[in-house]
Amino acid sequence: PAQSPSNRYVTFLKDCGGFNNIRMGFEYAVLMAWVTGRTLVLPPPEGWYLIDYGPIKRGGSYSKGVTDFKEFFDIEHLKNGLPVITAAEFYEREKDRLGLGSNFGGNALETKNVAWKQMLFQKFGGQPWSPLQRVVLDPSVSVYLASENKREDL
């Protein structure tokens with residue numbers, strides 16, 4: 001059965017690189033949501049480099065439009081182990097609490113719109129990467145030390 005969404009979230013932005021970069025970023029977001037017990041929020045559909053735009057090995061460039069994560073990943077199956085919602089569902093759940101207003105929904109969550117990215121940075125700030133300040137450890141250091149490095153105790 002699908003996991004029920006919580007009111008704690010992991011949001012992420014699609015990597016601007018090719019599919020492998022996007023896949024690795026998605027896998028990391030899934031892991032962080034699972035480890036921290038949060039609901040994963042999928043970003044709105046948008047163009048993916050080398051899939052929707054950019055140089056293609058044969059035939060030059062083309063523009064298909066936009067891609068959604070569900071086109072490449074089995075989101076329904078993922079929901080059996082992790083709560084997952086779309087950006088539009090996140091907006092409906094949190095618009096009042098976050099003060100997003102009625103103007104943010106609809107067009108802001110449609111493709112090729114930067115409003116989603118701007119909202120994440122305005123509301124939550126850009127989180128610069130720092131291995132000394134932003135670290136997630138699982139298991140925790142105390143659990144690891146208590147296990148005496150025995151995997152079955154972790």
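Check the entry above for the structure.
Presented here is an overview of the structure given in this document. (Residues numbered from 1 in each chain as written. Predicted model: local features only at pLDDT ≥ 70, side-chain atom pairs only at ≥ 80, totals over all residues. Heavy atoms only, no water.)

## Considering helix α1 (residues 19-36)
Here is step 1 of the chain: Under the 1.5 Å per step criterion, the end-to-end length of α1 is 26 Å for 18 residues, consistent within 8% with the ideal 26 Å.
Here is step 2 of the chain: If you check which residues of α1 are buried, you get Ile22, Phe26, Ala29, Val30, Met32 and Ala33. Summarising the axial view, the buried residues of α1 lie within an arc of 165°, below the 170-degree limit, and thus occupy one face. Away from its buried face by more than 90 degrees, α1 exposes Tyr28 and Trp34.
Here is step 3 of the chain: Elements that come into contact with the buried residues of α1 comprise β1 (9-11), β2 (39-42) and α2 (75-78).
Here is step 4 of the chain: At the exit of α1 stands Gly37, carrying a positive phi of roughly 70°. (Helix = DSSP H or I, 4+ residues; strand = E, 2+ residues; numbered from the N terminus. Expected span 1.5 Å × (residues − 1). Buried < 20%, exposed > 50% of the residue type's maximum accessible area, 1.4 Å probe, protein only. Arc of directions from axis to C-beta. Contact = heavy atoms within 4.5 Å.)

## What to know about unusual backbone geometry
Here is step 1 of the chain: Phi angles above zero are rare outside glycine, and Leu50 is one such case at about 70°.
Here is step 2 of the chain: Tracing the backbone through its elements, the reader meets Leu50 in the loop between β2 and β3 (55-56).
Here is step 3 of the chain: The partly exposed category is assigned to Leu50, whose relative accessible area is 39%.

No statement about biological role is implied by the geometric values presented.
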